[in-house]
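Take a look at the letters that make up each chain.
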Amino acid sequence: MTAMARAENKTEAGGTAHLVAALAKALREQQGLTQPQLGDKLGYTAAAVSAMETCAQPASDQMLVKLEEELGGGLGVFEKARKWMLLEKYPARFRGFSELEAGAVTICSYEALVVDGLFQTEDYARALIGGGHPPVSEQRREELVEARLARRALFDRNPAPLIELILEESVLRRPFGSWDIMRGQLRSLIEDAQRENVFVQVLPMDRGLRGTYAGDRGGMHLLETSDHQHVVYMEIEDQGILVSDPAEVSQLAHRYARIRAQALSPDESLAFIERLAGEER
């Protein structure tokens, strides 16, 4: 990691990262351990321990697990920090929505440009994030990939939320990284679409030829929270918009319903994605 990247990480590190760093250092010193000695116990280098304690490279999820084992003393503080550390790795614009998403009853998404982050494979996410603008450091890219993949725990949460995804056909034809990565993403979509709590639909590119097309305003995420409130989240050029006004949410929900009605059925969509995944490139 370059000095510039380390300085950037120190600046961007959130409150949880700083708290974890201070607590780990205090417990290490309390137990009379040097940084190399703690590194040996954790399976990391002394430099990695130093970077964690200064927030030059905040603790990864794997390091937090090891810190809990070696320094936690049964209190569970590092285990509890895992959730908040992952949350801090999201872009600031997305953090408020991510907390609501984690406990949501229903999540309905329409995406017009890329596969929804909740459904992205590791390779697809890495290629997408790594190829974006402005470019991010390798460390930041991996943090964003880790945080994005952590969202997939929603699929297996108990009780499971109802998850709907509508994708523009063009999203399924737009590769990132390589065609092999895209085929892997399509196969992952096929698997996710067959979950009992998941419905995936495709909005055909020629829909406008039929006279009506409701998806021209861009993507949106409709969410029913654990206390049955309804909100809509949208992103425009790195700006996150969280809509909670009932009248505005209702209007956007009606637009989403029209998009869903204009899309292929879940069964038709699954067959369509399977055909694309089988095409030679």
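About the cut-offs
Residues numbered from 1 in each chain as written. Predicted model: local features only at pLDDT ≥ 70, side-chain atom pairs only at ≥ 80, totals over all residues. Heavy atoms only, no water. Buried < 20%, exposed > 50% of the residue type's maximum accessible area, 1.4 Å probe, protein only. Helix = DSSP H or I, 4+ residues; strand = E, 2+ residues; numbered from the N terminus. Pairing = 2+ DSSP bridges. Expected span 1.5 Å × (residues − 1). Arc of directions from axis to C-beta. Axes fitted to C-alpha atoms, helices over the stretch in contact; angles between N-to-C directions. Contact = heavy atoms within 4.5 Å. Polar contact = N/O pair within 3.5 Å; in protein donor to acceptor, adjacent residues only side chain to side chain. Parallel < 35°, antiparallel > 145°, perpendicular 65-115°, else oblique. Nonpolar A, V, L, I, M, F, W, Y, C, P; charged D, E, K, R; others polar.

Moving on, we get to the pairing of strand S4 (residues 220–224). Among the five residues that make up S4, five are buried, leaving the element largely enclosed by the rest of the structure. Here S4 shows a buried face lined by Met-220, Leu-222 and Glu-224 and a second buried face lined by His-221 and Leu-223. Strand direction decides the pairing type here: strand S1 (residues 106–111) and S4, joined by five bridges, are antiparallel. Its bridge partner being in S4, Ser-109 is matched across the sheet by His-221. The antiparallel pairing of S4 with strand S5 (residues 230–236) creates a hairpin that spans five residues between the two strands, and His-228 there sits at a positive phi of about 65°.

It is worth spelling out helix H2 (residues 15–30) at this point. If you check H2, its first and last C-alpha atoms are 22 Å apart, about what 16 residues at 1.5 Å a residue would give, namely 22 Å. Those residues of H2 that fall on the buried side of the exposure criterion are Thr-16, Ala-17, Val-20, Ala-21, Ala-24, Leu-27 and Arg-28. Down the axis, H2 shows its buried residues gathered within 145° of arc, on one side only. Looking at H2, the residues exposed on the side facing more than 90 degrees away from the buried face are Gly-15, Leu-19 and Gln-30. Positive backbone phi, at 70°, marks Gly-32, one or two positions downstream of H2.

One key point about sheets: their strands pair by backbone hydrogen bonds, in either a parallel or an antiparallel sense. The strand order across the open sheet built from six strands is S3-S2-S1-S4-S5-S6, with neighbouring strands paired in mixed fashion. Looking at which strands have only one partner, the edges of the open sheet turn out to be strand S3 (198–203) and strand S6 (239–243). Across the sheet, the axes of successive neighbouring strands diverge by a mean angle of 15°, strand direction being ignored. Sheet topology places S5 next to S6; five bridges connect them, and they run antiparallel. Across the sheet, residue Glu-235 finds its bridge partner in S6, namely Gly-240. Contacts from helix H12 (residues 246–262) reach S1, strand S2 (162–168), S3, S4, S5 and S6 within the one sheet, and its direction differs from that of S4 by about 115°.

For Gln-262, the position within the fold is in helix H12. A distance of 2.9 Å separates the side chain of Gln-262 from the backbone nitrogen of Ala-214, its partner in a polar contact. Residues within four places of Gln-262 in sequence aside, it is in contact with Leu-203, Pro-204, Arg-207, Thr-212, Tyr-213 and Ala-214.

Where helix H3 (residues 35–42) meets helix H4 (residues 46–54), the closest approach of the two axes is 8 Å, and the angle between their N-to-C directions is 105°. Here H3 is positioned roughly perpendicular relative to H4, judged by the angle of their axes. For the pair formed by H3 and H4, the contact residues are Gln-35, Pro-36, Leu-38, Gly-39 and Leu-42 on the first element and Ala-46, Val-49, Ser-50 and Glu-53 on the second. Among the residues forming the contact of H3 with H4, the class breakdown is five nonpolar, three polar and one charged.

For the peptide bond that leads from His-133 to Pro-134, omega is 0°, which places it in the cis range. Note on placement: Pro-134 falls in the loop between helix H8 (122–130) and helix H9 (138–150). Looking along the chain, the bond that leaves Asn-158 and enters Pro-159 is cis, with omega of 5°. Its location among the elements puts Pro-159 in the loop between H9 and S2. At Glu-237, a position not held by glycine, the phi torsion is positive, near 50°.

Within S2, six of the seven residues are buried, which leaves it mostly tucked inside the rest of the structure. The pairing of S1 with S2 spans six bridges and is parallel. When the bridges of S2 are listed, Ser-109 appears paired with Leu-165.

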